[in-house]
Amino acid sequence: MAIVVENLTKKYGDQKAVDNISFEVRTGEVVGFLGPNGAGKSTTMKMITCYMAPTEGKIFLEGLDVDKNPEEIKKRIGYLPENNPLYTEMAVIDYLRFCAEIQGVEKEKISERIHEMVDVCGLGLEKHKRIGELSKGYRQRVGLAQAMIHDPEVLILDEPTTGLDPNQIIEIRKLIKELGKEKTVILSSHILSEVEATCDRILIINRGKIVADGTSETLRGQAQGREMLKVQIEASNGADKEAVKKALLGLASVETVKELEEKENYFLIQNKPEASSKKEIFDLCVKNKWYLLELTGIETKLEDVFRELTN
Amino acid sequence: MRSIWVLTRRELTSYFDSLTAYVMIVMFLGLSGFFTWLSANNIFVIGQADLQVFFGISYWTLFFFIPAITMRTLSEEKRSGTIELLSTKAVTDWQIVSGKFLGSLLLVVVALACTIPYYITVTRLGNVDHGAIIGGYFGLILMSAMYISIGIFASSLTNNQIVAFLLALLIGIFFHILFEIMASGSTGLIGNVLDYLSVRTHFESLSRGVFDTRDLIYFASFILAGLVLSETMLSKRNWHN
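Residues numbered from 1 in each chain as written. Chains lettered and ligands numbered in written order. Predicted model: local features only at pLDDT ≥ 70, side-chain atom pairs only at ≥ 80, totals over all residues. Heavy atoms only, no water.

### Things to note about the overall build of chain B
Scanning chain B from terminus to terminus reveals 13 helices and zero strands. Of the regular secondary structure in chain B, the N- to C-terminal order runs α-α-α-α-α-α-α-α-α-α-α-α-α. Its C-alpha atoms give chain B a radius of gyration of 19 Å, near enough to 18 Å, the size a compact globule of 241 residues would have. The principal-axis extent of the C-alpha atoms belonging to chain B is close to 60 × 45 × 30 Å. Looking at chain B alone, contacts between residues at least 24 apart form 77% of all its contacts between residues at least 6 apart. Surface summary for chain B: the accessible area is close to 10600 Å², and the carbon and sulfur share equals 70%. (Helix = DSSP H or I, 4+ residues; strand = E, 2+ residues; numbered from the N terminus. Rg over C-alpha atoms; globule rule 2.2 N^0.38 Å. Contact = heavy atoms within 4.5 Å. Areas by Shrake-Rupley, 256 points an atom, 1.4 Å probe, with all protein chains shown as cover.)

### Overview of the sheet that holds strand E2 (residues 15–25) of chain A
Residue and element names in this part refer to chain A. The sheet built from four strands is open, its strands ordered E2-E1-E4-E5 with antiparallel pairing. Every other strand in the sheet has two partners, leaving E2 and strand E5 (64–65) as the edge strands with one partner each. Two strands pair when backbone bridges link them, and strand E1 (residues 3–12) and strand E4 (residues 56–61) are joined in this way by five bridges, in the antiparallel orientation. Bridge pairing in E4 places valine 5 opposite isoleucine 59. Where helix H1 (residues 41–48) meets the sheet, its contacts fall on E1, E2 and E4, and the angle it forms with E2 comes to roughly 60 degrees. (Pairing = 2+ DSSP bridges. Axes fitted to C-alpha atoms, helices over the stretch in contact; angles between N-to-C directions.)

### A look at the pairing of strand E10 (residues 209–214) of chain A
All names here are of chain A. Where strand E9 (residues 201–206) lies against E10, five bridges are found, and the strand directions are antiparallel. Of the residues in E10, the one forming a bridge with asparagine 206 is lysine 209. The antiparallel pairing of E9 with E10 creates a hairpin that spans two residues between the two strands, and arginine 207 there sits at a positive phi of about 45 degrees.

### Here's the deal with the nonpolar core
Judged by nonpolar contacts, the single largest core of 136 residues is most densely connected at Leu61, Tyr95 and Phe98 of chain A together with Leu51, Phe54 and Val199 of chain B. Dropping the residues within four chain positions of it, leucine 61 of chain A is found in contact with Met1, Ala2, Ile3, Ile48, Val66, Ile73, Ile77 and Val154 of chain A. Ranked by size, the runner-up nonpolar core spans 15 residues in total, among them Ile233, Val244, Leu248 and Ile281 of chain A. (Core = buried A, V, L, I, M, F, W, Y, C linked by side-chain atoms within 4.5 Å. Buried < 20%, exposed > 50% of the residue type's maximum accessible area, 1.4 Å probe, protein only.)

### Observations regarding the interface of chain A and chain B
Taken residue by residue, the interface counts 31 residues in chain A and 25 residues in chain B. Regarding the contact of chain A and chain B, the summed buried area is about 2600 Å², with carbon and sulfur atoms giving 54% of it. Its largest share of buried area at the contact with chain B, chain A owes to Tyr51, Tyr87 and Ile102 of chain A, together 27% of the area lost on that side. Joining chain A to chain B, the criterion identifies three salt bridges. The residue glutamate 84 of chain B makes a salt bridge to lysine 46 of chain A at a minimum N-O spacing of 3.8 Å. (Buried area = accessible area lost by both parts, 1.4 Å probe. Salt bridge = Lys/Arg side-chain N within 4 Å of Asp/Glu carboxyl O.)

### Description of the domain arrangement of chain A
Size of an interface: often given as the accessible area lost when the parts come together. All names here are of chain A. Segmentation of chain A into domains returns domain 1 (3–214) and domain 2 (226–310). Here the C-alpha centre of domain 2 lies 45 Å away from the C-alpha centre of domain 1. Summed over the shared surface of domain 1 and domain 2, the number is zero salt bridges. The tally of links from domain 1 across to domain 2 stands at zero residue pairs in polar contact (both at pLDDT 80 or more). Counting residues per element, the ones that place at least two in the side of domain 1 that touches domain 2 are helix H7 (192–198), E9 and E10. Sorting elements by how many residues they give to the side of domain 1 that touches domain 2 places E9 first, with three residues. Among the residues making up the side of domain 1 that touches domain 2, the classes are represented as seven nonpolar, two polar and one charged. (Domains from an automatic or database assignment. Polar contact = N/O pair within 3.5 Å; in protein donor to acceptor, adjacent residues only side chain to side chain. Nonpolar A, V, L, I, M, F, W, Y, C, P; charged D, E, K, R; others polar.)

### Thoughts on the pattern of salt bridges
This model, assessed by the stated rule, comprises 31 salt bridges over all chains. For arginine 113 of chain A, the salt bridge is made with glutamate 116 of chain A, and the minimal N-O distance between the two is 3.3 Å. Here arginine 113 of chain A and its partner glutamate 116 of chain A are both found in helix H4 (residues 107–120), three residues apart, which amounts to about one turn of the helix. In this structure, glutamate 76 of chain B and arginine 79 of chain B form a salt bridge, with 2.8 Å as the shortest nitrogen-oxygen distance. Note that glutamate 76 of chain B and arginine 79 of chain B are positioned in helix H5 (residues 72–80) at a spacing of three residues, about one turn of the helix. Note on glutamate 76 of chain B: relative accessible area 23%, which makes it partly exposed. Look at arginine 79 of chain B and you get exposed, because its relative accessible area is 51%. The network of salt bridges with shared partners includes Glu89 of chain A together with Arg10, Glu11, Arg72, Glu77 and Lys100 of chain B.

### Remarks on the side chain of threonine 115 of chain B
Residue and element names in this part refer to chain B. Within the secondary structure layout, threonine 115 lies in the loop between helix H7 (93–113) and helix H8 (116–125). Given the relative accessible area of 0%, threonine 115 is considered buried. Within polar-contact distance, the side chain of threonine 115 engages the side chain of tyrosine 137 at 2.7 Å. Excluding anything up to four places from it in sequence, threonine 115 contacts Phe28, Leu29, Phe54 and Tyr137.

### Quick look at H4 of chain A
Residues and elements named next belong to chain A. Here H4 is 14 residues long and its end C-alpha atoms lie 21 Å apart, about the 20 Å a rise of 1.5 Å per residue gives. Of the residues making up H4, those classed as buried are Ile110, Arg113, Ile114, Met117 and Val118. Mapping the buried residues of H4 onto a view down its axis gives an arc of 130 degrees, with all of them on the same face. Every exposed residue of H4 that faces more than 90 degrees away from the buried side is listed here: Glu108, His115 and Asp119. (Expected span 1.5 Å × (residues − 1). Arc of directions from axis to C-beta.)

Shown next, in the form of structure tokens:
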């Protein structure tokens, strides 16, 4: 189910929590909302799931206007809200049955669906416990199970891995990737590695606006179109540091050269946009009979992109 | 309809899972039983085979118990955030409110059903006006429904259960006794209006076995008003501005 969001705005009083954003999510895509706290990720999700109406703008799911067909839409969405609220006094299995019934799963299929969810989310040992007795990680699994119980076409997961231990996080990510093959998934997070590991596409949201949109590779490329290199050169024929630096600066593709303290004759080179100086550096060394001890490309991390866009 | 029933059932089970139901039923039976059969003014002293004493005491016990039942209905969902989960399921706000209403009402009906042995006992004691007793039970159910509706509305206004409880009592006390007191001090149109607004006027005619459409309209309109207001409070988050 494709999701189309057009000029979405949500105001709380005078403050714009979401400010005129538009995007599209195609069927079978896993999209990650990334942004600092209070950026408008949860608010956007609440509007897509029919919890809140937008102040302005439209949302369409497979061509259906969310504002006009909430009943139909809600049946086809599975939602895990932020902080994962649950009826703590209910037993896990009773709660899942309640969710299945209320989402209109056919009577004959309910037991089968519950079994499947218990299996998929690893709740086998806990299924008869009351939700209030469960640890945070298990509650999160119950939250995921209730979101998926009616086999929805769209999954909206607001910070699905908070409170999980590293093993569980890996499992849940695997699960999301698996689900993403046939379902449309939107998840939010402020953990960059998580979004990078699970999502086909990333939307970075800051102060209610989309500041970047693309795969993690394109985002990295956008933010830092220039290659950075660390180079160590041993100038055996008596050339000193300054001479080497000067020679490097003389190369056509090199923009800046910075001396690094860690090792001898160690430089940080930033290239000119869309140019690579690797070959030139090598040729330079060959020409001067210097030894090239190290030549490492520095990858721009998504962290850097994120920090640059949201600060 | 199926969704409402699913919600109603969950609501009712949550009362029985959380002791609320048992405490309420035991206290209700204890109080009404004591006053009906054992107190200084009991059935044997009055010497009439009817349940007027029971209806008189239930008129007050239910008034205090119902806000305690309804206070958590919506306020707790708002406090814990489960309302977000519930509203994003395939149900309308109207179904949520109706489910809560029916769940609470069924609990009261269960409590009242526990007093059917009283009815059986008095039929053995003498000639009983069955119409009056059925009317009395019916009146108690309608009155409960009205206070449940008000209680759910009070609960929809706040996410604090205590505030919801007190608010429900505050609104309820006007209909329960204050309008009646005010009516007795005024005459003419105002007096009539205040008298019509008082629950006792309608409850008493029902518990005499008189089924008047005016009484039914009275209860039905307040039940509906409470539910409509609750639904409005719930769907407020969905307004565009």
